[in-house]
Amino acid sequence: MKLNKHIKFNSNSQLWRLLINNNNNLLIESRDTETKKVFLTCLNLDSKETLLNNISPKEDTWIGIEAFYGDYIIMHKFVKPDLPMHKGIILYSVSQKKKSGKT
């Protein structure tokens, strides 16, 4: 069986996580292993449109992604770098390209 390439994505950072939401959008989380910076790219798999291109949240070093649902990337902070307990919630709107609400 031959697989056909559907999309192409290049990054200088390490691919960390891939998530698909209910709108058929692919969220690509990559990290710079030296600086610990997080980068988010979001592509629509149907139209192949780039919805977010390599953005880096301000809380980039110590955040994790909880879920990707609808228009929102749901992230959390950590209590401290060496203690992986979750702290707070950050909602990021893909369409508005900004945080939604307080954290």
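Placed above this text is the structure.
Predicted model, so just to flag it, every value in this text is computed and none were measured.

(A) Region of the structure containing the nonpolar core. Membership of the largest hydrophobic core comes to 14 residues, with the highest contact counts inside it found for Leu27, Leu40, Cys42, Ile73, Met75 and Val94. Ignoring any residue separated from it by four or fewer positions in sequence, one finds Met75 in contact with Leu40, Pro57, Ile63, Gly64, Ile65, Glu66, Gly88, Ile89, Ile90 and Tyr92.

(B) Highlighting the sheet that holds strand β1 (residues 14-20). With antiparallel pairing, the four strands of this open sheet are ordered in space as β1-β2-β3-β4. If you trace the sheet from one side to the other, it starts and ends with β1 and β4 (50-55), each paired once. Each strand of the sheet is rotated relative to its neighbour by a mean of 20°, with strand direction disregarded. Judged from the three bridges that link them, strand β3 (residues 38-44) and β4 form a sheet pairing that is antiparallel. What sits directly across from Cys42, in β4, is Leu52.

(C) Expanded view of the pattern of salt bridges. Using the criterion set out here, one finds two salt bridges in the structure. Glu29 is the partner of Arg31 in a salt bridge, and the nearest nitrogen-oxygen pair spans 2.8 Å. Here Arg31 matches Glu29 in class, with each residue buried. Overlapping salt bridges, with partners in common, bring together Arg17, Glu29 and Arg31 in one network.

(D) Representation of the side chain of His76 in the model. Along the chain, His76 turns up in strand β6 (residues 72-80). For His76, a relative accessible area of 5% translates into the label buried. Side chain to side chain, His76 and Glu66 meet in a polar contact 2.9 Å long. For His76, the side chain forms a polar contact with the side chain of His86, separated by 3.1 Å.

Rules of the game
- Residues numbered from 1 in each chain as written.
- Predicted model: local features only at pLDDT ≥ 70, side-chain atom pairs only at ≥ 80, totals over all residues.
- Heavy atoms only, no water.
- Core = buried A, V, L, I, M, F, W, Y, C linked by side-chain atoms within 4.5 Å.
- Buried < 20%, exposed > 50% of the residue type's maximum accessible area, 1.4 Å probe, protein only.
- Contact = heavy atoms within 4.5 Å.
- Pairing = 2+ DSSP bridges.
- Helix = DSSP H or I, 4+ residues; strand = E, 2+ residues; numbered from the N terminus.
- Axes fitted to C-alpha atoms, helices over the stretch in contact; angles between N-to-C directions.
- Salt bridge = Lys/Arg side-chain N within 4 Å of Asp/Glu carboxyl O.
- Polar contact = N/O pair within 3.5 Å; in protein donor to acceptor, adjacent residues only side chain to side chain.

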